[in-house]
Amino acid sequence: MKNSFSARQNLTVGGKTYEICSLQALAGRYPVNKLPYSLKILLENLLRHEDGENVTAADIEALATWNPHEEPENEIAFTPSRVILQDFTGVPAVVDLAAMRDAVVKLGGKADAINPLSPAELVIDHSVQVDVYGAANAFARNAEIEFERNRERYSFLRWGQTAFENFKVVPPDTGIVHQVNLEFLARVVFASEQDDVLRAYPDTLVGTDSHTTMVNGLGVLGWGVGGIEAEAAMLGQAITMLIPQVIGVKLTGKLPEGATATDLVLTVTEALRERDVVGKFVEFFGDGLANLPLANRATLGNMSPEFGSTCAIFPIDDETLRYLELSGRSAEQIALVEAYAKAQGMWRENGAEAPDYTDVLEVDLGSIEPSIAGPKRPQDRIPLKNAKAVIARHTDTFVRERTAKREDTRRFENEGGDTAVGSPHKVEGTATINMDSQSFDLSDGAIVIAAITSCTNTSNPAVMLGAGLLARKAHEKGLKVKPWVKASLAPGSRVVTDYLRKAELLDDLDALGFGLVGYGCTTCIGNSGPLRDEISNAIQAHDLVACAVLSGNRNFEGRIHPDVKMNFLASPPLVVAYALAGTMNIDLNNEPLGEDKNGKPVYLKDIWPSQREIQNVIGTSIDADMFKHGYEGVFGGDDNWKSLPVPEGDIYEWDDKSTYVQNPPYFVDMSRETETVAEISGARVLALLGDSVTTDHISPAGSIAKNSPAGKYLMEHGVDPKHFNSYGSRRGNHEVMMRGTFANIRLRNKLAPGTEGGFTIHVPSGEQMTIFDASTRYQQDNTPLIVIAGKEYGTGSSRDWAAKGTLLLGVKAVIAESFERIHRSNLIGMGVLPLQLAGRDTVASLGLTGKEEYSIEGLDNGNAKEVTVRAKGENGEKTFKARVRLDTPKERDYYRNGGILHYVLRQLAA
């Protein structure tokens, strides 16, 4: 490695001497002390990896002289210290690595060339579902069911744990990946012996979950990437990026009584979405940080994908050290973090001069008010005081749609047609249900799912203990969760249940129905499990506008449960309060939640805990021993994990009969040499989509319908529908996943108007069919496919299958008005070309119907900045320009090779 700036210096801490790449060595020549904290970390990364090829002295100088107001144009190579994965995205990553071992051998290389070169840690947290709830054995039964469903996947991961070096797995029923990262895995500062030299450097990472950014709250720079990009990072590939603009968020004051960290993040999410921070770094600063506990910082960092930013980071300060001590980190590690941060100018103190930022958003913590967000997007904040009126307007929209469907059905019947199966006969907006010896009415706006779930809040003792205290007061007054509400508690780690138990609040939550169901993402990712048949049947028969309220970070339509039309994000205490009310049609500030034992109305203000109450419980209920005990022997797992059969050998023995794990076809007939990229001609549109299409709309997620292409495939392979499991659990099988791509129940393809779900028109024949069936027919005819979409295409989670499925369906290019960062990167990683409409062109202004035949000209083997698109339709030909969104030389290399994995394979086999 080169040392052009003489930056390699020594730092002695606790009797040990570490080599560091000192930023102060540059301070005499460049204004590095005015750089934002996050860019200082990137600068150190470049200094440490300077080799004259991937990282040059010019790259370092470009970052050291960063102009906050210039548009990004300088490309750098960022090499993360580690990679973190969750099991939904981790299983296909390990599948791809196993397939790459097969492929590299066929190309003349060695199997062990495919091995993580930096630490890779996978946390199994996405597989547990809320099948059992409201019972004392709910946690145990859900864990048993999880292992029954996923034994094959887990056995495969056990193989990976033994076959690959530098790869560890945190077994199921431990915690949510981001909270495990925050509480246990994060180093903040690495100490590693390399070439007989002990080096200290910042802990940096990428993760296969968009909410990897939660660890930003601890001062660790990292963000979510697709599984493809993470695999490349595991194999030693640097992540190419443009030096970003950095938005500073200045915090002042302190949260007022009644406001929570959740209310803060929903407010900041709304504000930053309006600022359009997509592709930018967000960094928090200001003296208000002194009033912001680490848990609140992590809650803010977690929501970075909802802001649209790449990261949302906090600098290191006394609060960072306090949390490291609380969470059981060693005194030696804490001392290293403090000394390193101070030596590098990465330490925050009150009154310090602010760094330079591209733009600054000021947030007075004292102005934060109770809020929720919904019904479809996390940035759609609703002040709690206005919630009843706003929700009524949203409900009216669904009611109008229901009325229109009723009129269509009546017209059809009057014309002598047979009513289609499942058509809504009874649509009066209320259903009477008899269940468990009770009779009650279920109406529009009823809450059928109330879940304390997701890393956003379950890492935060203030809101978790606040929910427990509210539950205690409600229980004491005799309040109960309404019988139609499926309530659940899925903490982020075992530490949470430890402190709830020590505070004697776990029983109160359980008494209301919020019993422990598992440690995992559960409801927030659609693993909400089934509703009671009586509830589900009534919703479907009456087309009711059912609701979910959850303490999560994502509430996209179709994500939480297929029977639920409106999803709302709320703090854990508000989740409990809404569950007591049983409806979103309530003004929580002025209307009672219910009646006490004496028949007197009970209002939210009567049971809402004060900040002092919450802080007192925090002070007496949480200690470092909880963290040390909770993570002792964490990689060993329980008896269920230890008893799994483990295949042997460096090469995985694929089972052709498996419906969970299959060898993907990405490397079939792959040559050692890069081939010239062909122009795209004679292409047809597979889907014509609108704005804000999320990766949830694209990628298979949630339950697998019996009559879907994926369901039919599984039944053809002998799988009973009751054992379908979820799409997420079958991400290791490309046959299932490509059949579920673009199959979300809320997808609206304008090529097939009047439909909802994965349907399209096979343009040449005019026949309506599933997107998978149309893709199959097109591919049989060797017809290339494209997707056309509006603004913000690919928002949401970093789902690699949104790109993998797109490729396997035969899509060669996506033409959109704009892209979300991660999904654009994933498309390139799979060899799919992202094209962005130029100037002020929109799909509507160009008059594109999706029925045209398309040609994309002037690609110049991936070197072109702009291409010409020709669309031939019934009324002639339209010609327009599109930007080639291959933004960096490395992205162009990946595209020319057919994707990141092909690029890496060719490098390793050379």
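The structure this text deals with has already been given above.
As the structure is a computational prediction, the values presented were derived from the model and not from experiment.

Cut-offs and rules
- Residues numbered from 1 in each chain as written.
- Predicted model: local features only at pLDDT ≥ 70, side-chain atom pairs only at ≥ 80, totals over all residues.
- Heavy atoms only, no water.
- Disulfide = S-S within 2.5 Å.
- Pairing = 2+ DSSP bridges.
- Helix = DSSP H or I, 4+ residues; strand = E, 2+ residues; numbered from the N terminus.
- Axes fitted to C-alpha atoms, helices over the stretch in contact; angles between N-to-C directions.
- Contact = heavy atoms within 4.5 Å.
- Buried < 20%, exposed > 50% of the residue type's maximum accessible area, 1.4 Å probe, protein only.
- Lys, Arg positive; Asp, Glu negative; His and termini not counted.
- Salt bridge = Lys/Arg side-chain N within 4 Å of Asp/Glu carboxyl O.
- Polar contact = N/O pair within 3.5 Å; in protein donor to acceptor, adjacent residues only side chain to side chain.
- 1 Å grid on protein atoms, 1.4 Å probe; cavity = no way out; pocket = protein on both sides within 12 Å on 5 of 7 lines; lining within 4 Å.
- Points joined across faces, edges and corners; volume = space filled by probe spheres on them.
- Nonpolar A, V, L, I, M, F, W, Y, C, P; charged D, E, K, R; others polar.
- Right-handed = clockwise from strand over helix to strand, strands pointing away.
- Parallel < 35°, antiparallel > 145°, perpendicular 65-115°, else oblique.
- Left-handed = near helix turned anticlockwise from the far one by under 90°.

J.: Please set out the state of the cysteines residue by residue, giving values where relevant.
T.: Counted according to the given criterion, the structure contains zero disulfides. No disulfide involves C311; its sulfur sits 16 Å from the nearest other cysteine sulfur, which is in C455.

J.: Can you explain the sheet that holds strand β32 (residues 853–857)? Please cite residues and give values.
T.: Taking strand neighbours around the barrel as the criterion, the seven strands line up as β26-β29-β30-β31-β34-β33-β32 in a closed arrangement whose pairing is mixed. For this sheet, the mean inter-axis angle between neighbouring strands, taken without regard to orientation, is 35 degrees. Where strand β31 (residues 833–837) meets strand β34 (residues 876–884), three bridges bridge the pair, whose relative direction is antiparallel. Bridge pairing in β34 places L835 opposite V884. Here helix α26 (residues 771–780) sits on the sheet and contacts β26 (680–688) and β29 (785–789); the angle it forms with β26, its principal contact strand, is near 170 degrees.

J.: Provide a residue-level description of the side chain of R329, including the pertinent values.
T.: Among the structural elements, R329 can be located in the loop between α10 (318–326) and α11 (331–343). Buried charge R329 goes without a salt bridge, the closest partner of opposite sign being D203 at 7.1 Å. A polar contact of 2.8 Å, which involves the side chain of R329, links it to the backbone oxygen of E183. At 3.0 Å, the side chain of R329 forms a polar contact with the backbone oxygen of A186. Sequence-distant contacts of R329, that is, excluding residues within four places in its chain, are made with N181, L182, E183, F184, L185, A186, L218, Y323, L324 and I334.

J.: Residues and numbers for empty space enclosed by the protein, please.
T.: Across all of its chains, the model carries six cavities of 30 Å³ or more by this definition. Along the wall of the largest cavity there are 20 residues; nearest its centre are H126, D209, I525, R559 and S797. Residues that form the lining of the largest cavity fall into these classes: four nonpolar, 11 polar and five charged. Here the second largest cavity is characterised by a volume of approximately 110 Å³. Lining the second largest cavity are 14 residues, with P305, S309, E820, R821 and I822 positioned closest to its centre. Secondary-structure elements contributing two or more residues to the lining of the second largest cavity are α9 (304–307) and α28 (821–829). Split by residue class, the lining of the second largest cavity holds three nonpolar, eight polar and three charged.

J.: Talk me through the pairing of strand β12 (residues 246–252); I want residue IDs and the actual numbers.
T.: Moving residue by residue along a regular strand, the side chains alternate between the two faces of the sheet. Counting buried positions along β12 gives five out of seven residues, so the element sits mostly inside the fold. Here β12 runs beside strand β13 (residues 281–285); their pairing, made up of five bridges, is parallel. Looking across to β13, one finds that I247 is bridged to V282. Regarding topology, helix α7 (residues 261–275) serves as the crossover connection from β12 to the parallel β13, and that connection is right-handed. Pairing analysis gives six bridges linking β12 to strand β15 (residues 359–364), with the strands arranged parallel. The residue of β15 that forms the bridge with I247 is D359.

J.: Before we move on, can you summarise the packing of helix α6 (residues 227–234) against helix α31 (residues 900–909) with the specific residues and values?
T.: Orientation of α6 relative to α31, taken along the N-to-C sense of each, is 20 degrees, at an axis distance of 9 Å. Classified by the interaxial angle, the pair formed by α6 and α31 is roughly parallel. As for the relative orientation of α6 and α31, their crossing is left-handed in sense. Contacts between α6 and α31 pair I228, E229, E231 and A232 from the former with I900, L901 and V904 from the latter.

J.: Provide a residue-level description of the side chain of T497, including the pertinent values.
T.: On the secondary structure map, T497 appears in helix α15 (residues 494–502). Residue classification places T497 among the buried residues on the basis of a relative accessible area of 1%. A polar atom in the side chain of T497 sits 2.7 Å from the side chain of Y519. Those residues in contact with T497 that lie beyond four places of it in its chain are P491, L506, L516 and Y519.

J.: Lay out unusual backbone geometry in plain terms, naming residues and giving numbers.
T.: A cis geometry characterises the amide bond from G374 onward to P375, with omega recorded as 10 degrees. Among the structural elements, P375 can be located in the loop between β16 (371–373) and β17 (381–383). Its identity is not glycine, yet V188 carries a phi of approximately 70 degrees, on the positive side. Looking at the secondary structure, you find V188 in the loop between α5 (177–185) and β7 (189–194). Backbone geometry at D860 places phi at a positive 55 degrees, although glycine is not the residue there.

J.: Describe in detail the environment of E165, supporting the description with residues and values.
T.: Counting through the fold element by element, E165 comes out in the loop between α4 (138–163) and β6 (167–170). Exposure remark for E165: the relative accessible area of 56% places this residue in the exposed category. Taking the C-alpha atoms as reference points, E165 and T888, 723 residues apart in sequence, are found 31 Å from one another.

J.: Can you explain the pattern of salt bridges? Please cite residues and give values.
T.: Using the criterion set out here, one finds 50 salt bridges in the structure. A salt bridge links E306 to R554; the shortest N-O distance between them is 2.3 Å. With E306 in helix α9 and R554 in the loop between β22 (547–550) and β23 (566–569), this pair connects stretches of sequence that are 248 residues apart. By the burial criterion, E306 is buried, and R554 matches it. The structure contains a network of salt bridges with shared partners spanning K376, E557, R746, R748 and E756.

Any functional reading would require information beyond the geometric quantities listed.
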